[in-house]
Amino acid sequence: MEIGRARARWPFPSGLTMPNIRITHKTHYIYQSAVALGSHRMMLRPRETRELKLLSFDLAVSPDAHVTWAHDVVGNSIATAVFPEMSDRLLIESSLTLSLTAARWPVFAISASALTYPFRYSDEDWTDLGALACPQYADGAGRLSDWVARFVMYRPTDTLSLLKDVSNGVSQQIAYQSREDQGTQGPLETLDRGWGSCRDFAVLYAEAVRTLGFGARIVSGYMFDPSNTLVGSAGQGSTHAWVEVFVPGAGWISFDPTNRAVGSANLIPVAAARHIAQVAPVTGSFRTAQGDMPRMDVSISVEEMPDPIMP
């Protein structure tokens, strides 16, 4: 998926943090005639972490709607809009600024018990991970299991190296291809086709490491690419998808198989979930007697904010 151009370059000098980032995300639906808009669910507010500080956030919806906020079971911020009147247009626009200070070359404090694979999650972690550690797609013939087993060269083997090898294997064996259509390929479909978008890469990687017994969740958000050189980086911007794997001691580690990247240096997470369908930025419904589908336009800009004026 395409990402916005920015002016800064990697790496930043030692001791300096990344610049503040401004993101605008507009989703515009145009209908053939006035329709009754059902409730719309929006996941557009980034997940704040120690490395990501949200400086400002604004959500605008037109036509007028009653908007409520809540957190889902994993802490994603969910806005729900209810529309009292019919309309032939729907515009949803989020504007935000944030500070991203994640290390370019992170060091992960993995627990001694999990440094080598295979390892066993604690009973508490295993209970909490639940479905996140279980494959979500049918694989009766064990094809995905056979594919990912090739990356386990030895038992025991280094845990972080194994997770990196599987991520690199996805990008080496699957050709990246941007897709604007809705939906995501299943992992076996991606293996058979030999190509996919970033969300297809994420699904394949998450399922592969779950097959090995890891807890993993799929993340949707934005990618800040100062050098405009990462895979899928072109134009003004778009959403991006990657995976977080839970490793004891280090916690959730980000893996971007589309770019063979580890860590969250240029990743801006908005939503994390078990299944890719749970992290869509905007979902909703409408009712019409015409039976016509609306036209949808999406525009996203991810850019570095100008340096502040010093006194």
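Residues numbered from 1 in each chain as written. Predicted model: local features only at pLDDT ≥ 70, side-chain atom pairs only at ≥ 80, totals over all residues. Heavy atoms only, no water.

Q: For this particular structure, what's the right way to read the nonpolar core?
A: What tends to happen in soluble globular proteins is that the nonpolar side chains get buried as a cluster. Of all hydrophobic cores here, the largest spans 44 residues; its most connected members are V166, Y205, F214 and V245. Element by element, the count of residues in this core is highest for helix α5 (residues 198–211), at nine residues. Ignoring anything within four residues of it in the chain, the contact list for Y205 reads L163, V166, S167, V170, V243, V245, F255 and P257. In this structure, Y29, L52, A79 and I92 belong to the second largest nonpolar core, which totals 27 residues. (Core = buried A, V, L, I, M, F, W, Y, C linked by side-chain atoms within 4.5 Å. Buried < 20%, exposed > 50% of the residue type's maximum accessible area, 1.4 Å probe, protein only. Helix = DSSP H or I, 4+ residues; strand = E, 2+ residues; numbered from the N terminus. Contact = heavy atoms within 4.5 Å.)

Q: Mind showing me how you'd approach α5 here?
A: Since there are 3.6 residues in each turn of an α-helix, residues three or four apart along the chain are aligned in direction. For α5, which comprises 14 residues, the first-to-last C-alpha distance of 20 Å matches the rise-based estimate of 20 Å (1.5 Å per residue) to within 8%. G213 sits one or two positions beyond α5 and adopts a positive phi of about 105 degrees. (Expected span 1.5 Å × (residues − 1).)

Q: Got a minute to help me understand the side chain of S254 in this structure?
A: Turning to its location among the elements, S254 is positioned in strand β12 (residues 251–256). Filtering out sequence-adjacent residues up to four positions away, S254 remains in contact with W242, V243, E244, A261, V262, G263, S264 and L267.

Q: How should the pairing of β12 be read in this particular structure?
A: Side-chain positions along a regular strand alternate between the two faces of the sheet. Of all six residues in β12, five are buried; the element is thus mostly enclosed. Both strand β11 (residues 240–247) and β12 contribute to a ladder of five bridges, which runs antiparallel. Within the sheet, the bridge partner assigned to E244 lies in β12 and is S254. Here β11 folds back onto β12 in antiparallel fashion, the turn holding three residues, of which G249 has a positive phi close to 90 degrees. Inspection of the sheet shows β12 paired to strand β13 (residues 261–262) by two bridges, in the antiparallel sense. Bridge pairing in β13 links D256 to A261. As consecutive antiparallel partners, β12 and β13 are separated by four residues, and within that stretch R260 has a phi angle of approximately 55 degrees, a positive value. (Pairing = 2+ DSSP bridges.)

Q: What's the story with the sheet that holds β11 in this structure? I'm lost.
A: The strands that make up a sheet pair up through hydrogen bonds in the backbone, lying either parallel or antiparallel. What the five strands build is an open sheet, ordered β13-β12-β11-β10-β14; its pairing is antiparallel. Lying at the two open borders of the sheet, with one neighbouring strand each, are β13 and β14 (267–273). Pairing geometry for strand β10 (residues 215–223) and β11, over seven bridges, is antiparallel. Directly across from I218, in β11, lies its bridge partner V243. Lying over the sheet, helix α3 (residues 159–173) contacts β11, β12 and β13, oriented at roughly 30 degrees with respect to β12. α5 contacts β10, β11 and β12 of the sheet and is inclined by roughly 15 degrees relative to β11. (Axes fitted to C-alpha atoms, helices over the stretch in contact; angles between N-to-C directions.)

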